[in-house]
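If you want the building blocks of each chain, they are given just below.
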Protein chains: 2
Amino acid sequence: MAYLDKIQNPEDLKKLSITQLKEVASEIRTVMLDKISKVGGHVGPNFGIVETAIALHYVFESPKDKIVWDVSHQSIPHKLLTGRLDLFKNFHIQDGCSPFTNITESPHDHFNVGHTSTSVSLACGIAYARDFRKQNYKVIAVLGDGSLSGGEALEGLNIAGYLKSNFILLINDNEFSIDPNAGGLYGNLQALRTSNGQSPVNLFKAFGFEYYYVKDGNDVQQVIDALNIAKDIQKPVVIHVHNKKGKGLPYAEQHTELWHYRVSPFDPVTGETADLNKNDSDSTIDFILANPDVVAVVPGTPLFGRTLQQKCPERYIDVGIAEQSAVAVASGLAASGVKAYICAASSFIQRAYDQIMQDWTMNNTPATLLVFGGGIYTSDYSHVSMYDIAMLSNIPNLVYLSPTCDAEYKMMLEFSKKAQFPIAIRVCQDDESEIDKRKIPPLEYQLNTVKQPKSLLKNTTAVYPNISFMLKPEIYQQGHDIVIVGLGKFFKKAVNVARIVKEKFGCEVTVINPRSITNVNFLFLSGALAIKSDWQLLVTIEDGIVDGGFGQKFFAHYASQKERVVLNFGAKKEYTDFIPYDALMERYNLDDNSIANTIIERFKKL
Amino acid sequence: MAYLDKIQNPEDLKKLSITQLKEVASEIRTVMLDKISKVGGHVGPNFGIVETAIALHYVFESPKDKIVWDVSHQSIPHKLLTGRLDLFKNFHIQDGCSPFTNITESPHDHFNVGHTSTSVSLACGIAYARDFRKQNYKVIAVLGDGSLSGGEALEGLNIAGYLKSNFILLINDNEFSIDPNAGGLYGNLQALRTSNGQSPVNLFKAFGFEYYYVKDGNDVQQVIDALNIAKDIQKPVVIHVHNKKGKGLPYAEQHTELWHYRVSPFDPVTGETADLNKNDSDSTIDFILANPDVVAVVPGTPLFGRTLQQKCPERYIDVGIAEQSAVAVASGLAASGVKAYICAASSFIQRAYDQIMQDWTMNNTPATLLVFGGGIYTSDYSHVSMYDIAMLSNIPNLVYLSPTCDAEYKMMLEFSKKAQFPIAIRVCQDDESEIDKRKIPPLEYQLNTVKQPKSLLKNTTAVYPNISFMLKPEIYQQGHDIVIVGLGKFFKKAVNVARIVKEKFGCEVTVINPRSITNVNFLFLSGALAIKSDWQLLVTIEDGIVDGGFGQKFFAHYASQKERVVLNFGAKKEYTDFIPYDALMERYNLDDNSIANTIIERFKKL
């Protein structure tokens, strides 16, 4: 490479000519393609934003000037320009750099970021601090068009619009919506594009920004020119940069949605890859397809959008990145007699905590939330997905079910269809273990009438559910000495642990699949367990944090009985960043042998 | 009254002439003034929206057509037009109607609503359901200008902007911001007002809406005319109605901010009232005023805005209703070396759950969150404030302190100023009890170095805090038999319960003020308690829900010891609506004598 490997920091970039900057762009694409085609990663966003990143570092003085990257999965060109070329050689793997901005990786990164729509408000905080401390530097937030629909980003536009000092919002417009009839703000972005930025209706001006349009953001000179204008303006300015997503890769330019992210390696020339041909049919899709009265509401994460969008577009509502509104829309549908299924990832649904309470469960509307990907995984800090249990199970009126395998998940989907109250299901589609092939008992539940508390007001008592729901746990096996409750995916772990404990120490173990995180039928359980009443040690194992989670609640009332000793297994309350799965299991004392040994040691002391 | 008491439902309204409708407006104001001046309530919003409510019910056919009220504290005129005149006679008190919309109160109310910015997305859900079921009715969302800044409302504008069917968004514009230099979207609302709706820059058109402006929303004819135009349009339409907040009450028209809400009764003619003269100085204000390096970030709830805004405007950042961004802005300030204090109510801060994790604690920035009003209170369902403990204490990296009185709160404010990590404080400013006059011990804490887990990546370990913080609990008294831990405001309850238990049963009781909900120094506690090692019964009492709360965590590790029996006292996980405080205490078995009796009964069986 003629240039890139000599750029140790952005200062080195400033010495180059425009022609040389174009060479740098080409070298960045070569380096990215070489690595991402081998290990996967965000293709479209990073290839589209190369010239923008170069222009930003050419015009501004990072890290004195602060560039805040939204979502930050498009920050690779920025990383390559700020001394992380070597680190990127190990991108995504052992001893490499993070695919996200990370404050400990470089002084050019100002926040750890992985969720969308946060950059404007975070950058506003920096701008307030600068003004308060009477300092003198520029603040730039870089926001992708897809992230613009999120509530926090739009709140941020309003707050930034009040500033009386330098604040630059760079909109990286990848033509998120290419439907010529698109409404919403994407219709306005399109109008701005087709009018070369001249459309009098202008979202950004409406929020109080000055506005400049860059027709071809992949022409580095155009971006530099616009940034040079914006740089010294002492009020909020939007630079609307029209980029080509996947720029430089014909297959990615053509199929922008498919090439947003690649899990598997691909052929760098042809784009040929295994994961584009995989069949994305599964129990969730099958269920929605089979039930013409059911509507899916998806907040911008195309988990299985393609199939549904093709096969039943009238029942597939993608609200864009807008988790709060996804929950409200589903509740509105349910209130109007349409069964709505919110499909969201564990890591993202927490963006709708207030709406889950206020818009949904407080109104007791019979929508269903399918929580995907909940559990302990090797992920970056921003996508840690083990908080959904502690969050959702402490919300009133919400039944949170946790199947152990695909067959049980299907049962629960069928059940949710008829239920007249709010339900969440922690999706588990495992069906590979021998344990999954057991005969899953049907869902047995009780609906009891609840006595209403007396309000000061007339007529408002039915705000409380009229019924309480109690689901019978599955008693997989019964033994004298120990009871192990394995939640969801970790039910199999409980079965294994029971086997090890028996083999090693001869204890007789009861193993329970609670089936539900909330609303367990404890009356049944206590009765069933009383048959073998000499058990003393109670154990819970869950695929989530212990604090505020399932286990602490599950045996809370047994803790008031002298004869019971309780051990709760699960993760520690912390943010982890790309910790290998085995290391996480070891760290949390969660591998089967560790759990078994801890149980045996405790049992010995009883 | 000539008209209002004959209006049993909106049909009756449709028979009246415009002149008669004006009479109805006048009667509504008389009825509202008579009642609200006696019992308090939302003055400005309800007096401003009278003609709008009349026009809505005159033009549309509620409940077939669905009118969704945002925040719904401005729904009194709507209630008076939908058969609730008698119920309103007992407004806010025994056997009266709710100040909010309530699905069990009337078929004209479609949701239980109390938080802002929800109406657009909820109404979108209804519109989707209507279109899916091929029904034919109108959907109207009514949104106040103050609520427009909230992320969920702005997300909703974008989603509604995509609809291809009837959807009417009525903006009730009360001139939320009257600063002629206002930026943000309020600058655009002002531009639309001054241009009689003709400004080419138009926020609503930018989101894809058709747009109509009503210059004088307190002229019922003007609103009717606009709604008649909008009624049959098969795409999203905004009717921007310019209303006078507090219309009809000279004092409320003049001082719109002061007259948004009145707690106390007031003189209906002069507006003379006790609570406008009260001194709003307190420990929080004193602390911020005394520390010129500290900045307050307030999400639209003027808890103590007036004083700070007057005395240190450069250190008072009101981001409007935008809790998500308030947290992000504070984190940005803290990341830039400015100590930021987010001041928010328990019920509202949950709107920023994801930002508390992603933007703040995951970045480990040393901002502080002051949580006001957390605890069990007589409130409507939407302002139930007993969830903050279960929410915040299960978030990594966040230390959640809980003072028992004003003196301890002041100590914690001083501590937070110097701390280099995220802190939340559950504000408690009580100082009236004898117990509050005890000598509060200084805050004693340990900062231990934490071993970093090994990431797959280079350089990212410091994402985890380098230190762990452990705060020493206060041991108020020591006794042999029972340990009672009383959290925050309920510490006094614990002391009282201990006294009753001793008086009634002769037990010796240890009473502990944990001082912190998280990060309790258990090493110290176990050591201290071991001095009197024959205690067997552990009791926690907290002013919040038991599930996922403080108590279940506090004694979780003691539950693994055979000799300990644990009782957790707190509220049930449910939404309550205007339940009297005593009834709540009784319902949750939380009055002092009930707790004492439960403890004694359990102790007898040990």
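Residues numbered from 1 in each chain as written. Chains lettered and ligands numbered in written order. Predicted model: local features only at pLDDT ≥ 70, side-chain atom pairs only at ≥ 80, totals over all residues. Heavy atoms only, no water.

Draft legend 1. Spotlight on the overall build of chain A. Broken down by element type, chain A carries 24 helices and 20 strands. What you see for chain A is a C-alpha radius of gyration of 27 Å, in line with the 25 Å of a compact globule of 606 residues. Seen through its C-alpha atoms, chain A measures out along the principal axes to roughly 85 × 60 × 50 Å. A total of 606 residues make up chain A; the buried ones form 66% of that total. A separation of at least 24 residues holds for 73% of the contacts in chain A among residues at least 6 apart in sequence. In the structure as shown, chain A presents an accessible area of about 19900 Å², 51% of it carried by carbon and sulfur atoms. Averaging the coordinates of the 60 positive side-chain charges in chain A and doing the same for the 67 negative ones gives two points 5 Å apart. (Helix = DSSP H or I, 4+ residues; strand = E, 2+ residues; numbered from the N terminus. Rg over C-alpha atoms; globule rule 2.2 N^0.38 Å. Buried < 20%, exposed > 50% of the residue type's maximum accessible area, 1.4 Å probe, protein only. Contact = heavy atoms within 4.5 Å. Areas by Shrake-Rupley, 256 points an atom, 1.4 Å probe, with all protein chains shown as cover. Lys, Arg positive; Asp, Glu negative; His and termini not counted. Charge placed at Lys NZ, Arg CZ, Asp CG, Glu CD.)

Draft legend 2. Quick peek at the sheet that holds strand 10 (residues 339–345) of chain A. All names here are of chain A. What the 6 strands build is an open sheet, ordered 9-8-10-11-13-12; its pairing is parallel. Because the sheet does not close on itself, it has two edges, and the strands there are strand 9 (316–318) and strand 12 (399–401). Pairs of neighbouring strands in the sheet enclose a mean axial angle of 20°, with direction left out of account. Helix 13 (residues 283–290) rests against strand 8 (294–298), strand 10 and strand 11 (368–372) of the sheet, and its axis sits at about 135° to strand 8. (Pairing = 2+ DSSP bridges. Axes fitted to C-alpha atoms, helices over the stretch in contact; angles between N-to-C directions.)

Draft legend 3. Structural context of the interface of chain A and chain B. Facing 135 residues of chain A, the contacting portion of chain B comprises 137 residues. Each partner contributes to the roughly 11300 Å² buried at the junction of chain A and chain B, and carbon and sulfur atoms together form 59% of this total. Inspection of the region where chain A meets chain B yields 2 salt bridges. With its nearest N and O atoms 3.3 Å apart, the salt bridge here joins R351 of chain A to D354 of chain B. There are 40 residue pairs in polar contact (both at pLDDT 80 or more) connecting chain A and chain B. Within the side of chain A that touches chain B, the residues separate by chemical class into 59 nonpolar, 51 polar and 25 charged. (Buried area = accessible area lost by both parts, 1.4 Å probe. Salt bridge = Lys/Arg side-chain N within 4 Å of Asp/Glu carboxyl O. Polar contact = N/O pair within 3.5 Å; in protein donor to acceptor, adjacent residues only side chain to side chain. Nonpolar A, V, L, I, M, F, W, Y, C, P; charged D, E, K, R; others polar.)

Draft legend 4. Quick peek at the sheet that holds strand 17 (residues 482–486) of chain A. Residue and element names in this part refer to chain A. Read across the open sheet, the 5 strands follow the order 16-18-17-19-20; overall the sheet is mixed. Taken across any chain shown, the strands that pair with only one partner, and hence form the sheet edges, are strand 16 (474–477) and strand 20 (565–571). Averaged over all adjacent pairs, the angle separating strand axes in this sheet is 25°, with direction ignored. Of the strand pairs in this sheet, strand 16 and strand 18 (residues 509–513) are connected by 3 bridges, and their pairing is antiparallel.

Draft legend 5. Layout of helix 13 of chain A. When helix 13 of chain A is considered as a whole, its buried residues turn out to be S283, T284, I285, F287 and I288 of chain A. Of the residues that open helix 13 of chain A, the one with a side-chain oxygen 3.0 Å from the backbone nitrogen of T284 of chain A is D282 of chain A.

Draft legend 6. Seen up close, the confidence of the model for chain A. Across chain A, the average pLDDT comes to 92, with 94% of residues at or above 70. For this predicted complex, the interface score ipTM comes out at 0.96, while the overall pTM is 0.96. (pLDDT = per-residue confidence, 0-100.)

Draft legend 7. The packing of aromatic side chains, seen in detail. In this structure the tally under the stated criterion is 33 aromatic pairs over all chains. Seen from their ring centres, W259 of chain A and F266 of chain A are 4.8 Å apart, and the 80° between their planes marks the pair as edge-to-face. Aromatic side chains Y476 of chain B and F491 of chain B sit 5.3 Å apart centroid to centroid with 85° between the ring planes, which places their arrangement in the edge-to-face category. Taken together, the residues span a long stretch of sequence, with Y476 of chain B in strand 16 (residues 474–477) and F491 of chain B in helix 20 (residues 491–505) at a distance of 15 residues. Here F491 of chain B falls in the buried class, since its relative accessible area comes to 0%. By the ring-pair criterion, three or more aromatic residues cluster together here, those being F415, F421, Y445 and F469 of chain A. The ring of Y137 of chain A carries the charged tip of K66 of chain A above its face, separated from the ring centre by 5.0 Å. Lying over the aromatic face of W259 of chain A, R262 of chain A brings its terminal NZ or CZ to 5.0 Å of the ring centre. (Phe/Tyr/Trp six-rings, centres within 6.5 Å; stacked < 30°, edge-to-face > 60°. Lys NZ or Arg CZ within 6 Å of the ring centre and 35° of its normal.)

Draft legend 8. Inspection of the relation of the copies chain A and chain B at higher detail. Under the fitted operation, chain A is carried onto chain B by 0.0 Å of movement along the axis and a turn of 180°, and the coordinates agree to an RMSD of 0.0 Å. The operation mapping one copy onto its partner corresponds to a two-fold rotation axis. By residue overlap, the copies meet face to face through one surface: 100% of the interface positions of chain A are interface positions in chain B. (Least-squares fit on C-alpha atoms with pLDDT ≥ 70 in both.)

Draft legend 9. View of the pairing of strand 11 (residues 368–372) of chain B. Residues and elements named next belong to chain B. Burial analysis of strand 11 places 5 of its 5 residues in the buried class, which makes it a mostly covered element. What you see with strand 11 is no split at all: T368, L370 and F372 on one side and L369 and V371 on the other are buried throughout. Pairing analysis gives 5 bridges linking strand 10 (residues 339–345) to strand 11, with the strands arranged parallel. From the neighbouring strand, A344 faces strand 11, where its bridge partner is V371.

Draft legend 10. The arrangement of the environment of I288 of chain A in detail. Residue and element names in this part refer to chain A. Position of I288 among the secondary structure elements: in helix 13. Residue class for I288 comes out buried when judged on its relative accessible area of 0%. Considering only alpha carbons, one finds I288 and H383, 95 residues apart in sequence, at a separation of 27 Å. Once residues lying within four places of it in the same chain are set aside, the contact partners of I288 are V294, A296, L308 and R315.

Draft legend 11. Examining the nonpolar core more closely. In this structure, F167 of chain A together with F167 of chain B are the most contacted members of the largest nonpolar core, which totals 250 residues. Those residues in contact with F167 of chain A, other than ones at most four positions away along the chain, are V120, A123, C124, A127, V139, A141, A160, F209, K235, P236 and V237 of chain A. (Core = buried A, V, L, I, M, F, W, Y, C linked by side-chain atoms within 4.5 Å.)

Draft legend 12. Highlighting the packing of helix 4 (residues 50–59) of chain A against helix 11 (residues 220–230) of chain A. All names here are of chain A. Direction vectors running N to C along helix 4 and helix 11 enclose 40°, while the axes themselves pass 9 Å from each other. Between helix 4 and helix 11, the interaxial angle falls into the category oblique. For the pair helix 4 and helix 11, the sense of crossing is right-handed. The residues of helix 11 that touch helix 4, namely those facing E51, T52, I54, A55, L56, Y58 and V59, are V220, V223, I224, L227 and N228. Of the residues that constitute the contact of helix 4 with helix 11, the class distribution is 9 nonpolar, 2 polar and 1 charged. (Parallel < 35°, antiparallel > 145°, perpendicular 65-115°, else oblique. Left-handed = near helix turned anticlockwise from the far one by under 90°.)

Draft legend 13. Summary view of the pattern of salt bridges. As enumerated under the stated definition, the model contains 61 salt bridges over all chains in all. Across the pair K79 of chain A and E105 of chain A runs a salt bridge, and its minimum N-O distance is 2.7 Å. Of this pair, K79 of chain A sits in helix 5 (residues 76–80) while E105 of chain A sits in the loop between helix 6 (85–88) and helix 7 (119–132), placing them 26 residues apart in sequence. For the pair shown, K79 of chain A and E105 of chain A are each scored as buried. With its nearest N and O atoms 3.1 Å apart, the salt bridge here joins D12 of chain B to K15 of chain B. Salt bridges linked by common partners bring K79, R84, E105 and D109 of chain A together as one network.

Draft legend 14. Inspection of the state of the cysteines at higher detail. Enumeration over the complete set of coordinates arrives at 0 disulfides over all chains. Unpaired in terms of disulfides, C312 of chain A finds its nearest cysteine sulfur in C343 of chain A, a separation of 11 Å. (Disulfide = S-S within 2.5 Å.)

Draft legend 15. Quick look at a nonpolar patch on the surface. All names here are of chain A. On the surface, a cluster of nonpolar side chains totalling about 260 Å² of accessible area is made up of Y445, L447 and I467. By the secondary structure assignment, Y445 is in strand 14 (residues 445–449). Given the relative accessible area of 41%, Y445 is considered partly exposed. (Patch = residues over 30% accessible without salt bridge, like charges linked within 9 Å, V, L, I, M, F, W, Y side chains within 5 Å.)

Draft legend 16. Seen up close, the packing of helix 2 (residues 18–39) of chain B against helix 11 (residues 220–230) of chain B. All names here are of chain B. Between helix 2 and helix 11, the least distance of the axes is 10 Å, while the angle of their chain directions is 115°. The orientation of helix 2 with respect to helix 11, classified from their angle, is roughly perpendicular. Between helix 2 and helix 11, the residues in contact are I18, L21 and K22 and V220, Q221 and I224, respectively. Residue classes in the contact of helix 2 with helix 11 are distributed as 4 nonpolar, 1 polar and 1 charged.

Draft legend 17. Focus on unusual backbone geometry. The residue after S62 of chain A, namely P63 of chain A, is reached through a cis peptide bond having omega 10°. With respect to the secondary-structure elements, P63 of chain A resides in the loop between helix 4 and strand 2 (66–69). Even without being glycine, E175 of chain A reaches a positive phi, approximately 55°. Positive phi, close to 55°, is recorded for N196 of chain B, a residue that is not glycine. Here N196 of chain B shows up in the loop between helix 9 (184–194) and helix 10 (203–206). Looking at N196 of chain B, the relative accessible area reads 38%, which means it is partly exposed.

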